[in-house]
Amino acid sequence: MSEQFLRLGVPKGSLQDATIKLFEKAGWKIKLHERNDFPDIDDNRIKCSLARAQEMSMYVENGTFDVGLTGMDWIRENKSDVVVVDDLIYSKVSNRKARWVLCVRGDSPYRRPEDLEGKKISTELMGFTKEYFESMGINVDVSFSWGTTEAKVVEGLCDGIVEITETGTTIKANGLRIIAELMQTNTQIIANKDAWADPRKRQLIEEINMLLQGALRAGKMVGLKMNLPKDKLPELNGTLPSLNSPTVAELQDPNWLSVEVMVEEKIVRELIPKLVAFGAEGIIEYPLNKVI
């Protein structure tokens, strides 16, 4: 008989705060403790633990956790045999995929990976980096970096580094130059195979994924509500963006309608002036928690 709760692994470190905020938006409050790695969660079906993203897939594979969040890069690095449930593209910086890139000093003569033949490479992603160079037939000496990887190439401790970046800002700030992209990665929700085979646990995992996805989708959208002259609706209808179609309701004044839509936040600054030109009044913009 399976356990009566789902063991959830929450990534510790750079993704920790973003993950907790995402779960809160999805409907779960996770409360951290200063003295241990076992946060509280307001759902008696779930027990939480913190673990480094680098190790998460191994803990999910061996059954320490039933489900966890980690990057595709660490799943590949650890060669973990887990169920990849879905993408969760979010981070502390931006909602886009991160990249593992090969970097050298800005003033170095190296322009492509082949130029690093016989040179030293430092990285935290050792296994994948070795496989990358081996697949290209390039002989390099790959060593593990315990941190401050950018500084190692700046100080001449190695000839190149393989490092993760989203915007490239830190790499440029350290005077480095990207000469190749090795892999794109983003957060995944992963499950232990036995847990996934358990109907009760699988249902809860799928519910968690659905609500997390809804929270992520809502993060890019807002709701707009307005009053619109009734005779303007045919002209506006079909051009007004919405998730499906606008919600339209009669008002006490028969000449006016209440119109409500969900739209991408990035277009609101262009859309509101157009709505005003159509005669819309009382326009309200409001945030969304989840869009399912």
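Residues numbered from 1 in each chain as written. Predicted model: local features only at pLDDT ≥ 70, side-chain atom pairs only at ≥ 80, totals over all residues. Heavy atoms only, no water.

Caption draft 1: Up close: the pairing of strand 8 (residues 120-123). In this structure, strand 8 lies alongside strand 9 (residues 141-144), joined through 4 bridges in parallel fashion. Bridged to Lys120 within strand 9 is Asp141. On the question of chirality, the crossover connecting strand 8 to the parallel strand 9 by way of helix 4 (residues 126-135) is right-handed. By the bridge criterion, 3 bridges tie strand 8 to strand 10 (residues 160-165) in an arrangement that is parallel. From the neighbouring strand, Ile121 faces strand 10, where its bridge partner is Gly160. (Pairing = 2+ DSSP bridges. Helix = DSSP H or I, 4+ residues; strand = E, 2+ residues; numbered from the N terminus. Right-handed = clockwise from strand over helix to strand, strands pointing away.)

Caption draft 2: Local environment of the nonpolar core. If you look at the biggest cluster of nonpolar residues, it comprises 30 residues, and the most contacted ones within it are Leu8, Phe23, Ile46, Tyr90, Ile208 and Leu212. Contributing elements (two or more residues each) for this core: strand 1 (6-12), helix 1 (16-26), strand 4 (46-52), strand 5 (67-71), strand 6 (83-88), strand 12 (187-191) and helix 8 (199-218). Looking at this core element by element, the count peaks at 6 residues for helix 8. Excluding residues that lie within four positions of it along the chain, Leu8 makes contacts with Phe23, Ile41, Ile46, Lys47, Cys48, Ser49, Val67 and Leu69. Of all hydrophobic cores here, the second largest spans 20 residues; its members include Trp74, Trp100, Val140 and Ile179. (Core = buried A, V, L, I, M, F, W, Y, C linked by side-chain atoms within 4.5 Å. Buried < 20%, exposed > 50% of the residue type's maximum accessible area, 1.4 Å probe, protein only. Contact = heavy atoms within 4.5 Å.)

Caption draft 3: Just the sheet that holds strand 15 (residues 256-264), in detail. Strand order across the open sheet formed by 4 strands is 14-15-13-16, with antiparallel pairing between neighbours. Lying at the two open borders of the sheet, with one neighbouring strand each, are strand 14 (247-250) and strand 16 (281-287). Averaged over neighbouring strand pairs, the angle between their axes works out to 15° when direction is ignored. As defined by bridge partners, strand 13 (residues 221-229) adjoins strand 16 across 5 bridges and the pair is classed as antiparallel. Of the residues in strand 16, the one forming a bridge with Val222 is Pro287. Helix-sheet contacts for helix 10 (residues 268-277) involve strand 13, strand 15 and strand 16, and the interaxial angle to strand 16 is about 160°. (Axes fitted to C-alpha atoms, helices over the stretch in contact; angles between N-to-C directions.)

Caption draft 4: Quick peek at the domain arrangement of the protein chain. Domains assigned within the protein chain are domain 1 (6-91 + 187-218), domain 2 (98-184) and domain 3 (221-287). Placing a centre on the C-alpha atoms of domain 2 and another on those of domain 3 gives a separation of 50 Å. (Domains from an automatic or database assignment.)

Caption draft 5: Spatial organisation of the sheet that holds strand 1. Taking strand neighbours across the sheet as the criterion, the 5 strands line up as 4-1-5-12-6 in an open arrangement whose pairing is mixed. Strands at the two margins of the open sheet, each flanked by one partner only, are strand 4 and strand 6. Strand-to-strand, the axes of this sheet are offset by a mean angle of 30°, without reference to chain direction. Two strands pair when backbone bridges link them, and strand 5 and strand 12 are joined in this way by 5 bridges, in the antiparallel orientation. Bridging from a neighbouring strand, Leu69 pairs with Ile189 of strand 12. Of the strands in this sheet, strand 1, strand 4 and strand 5 are in contact with helix 1, which crosses strand 1 at around 135°.

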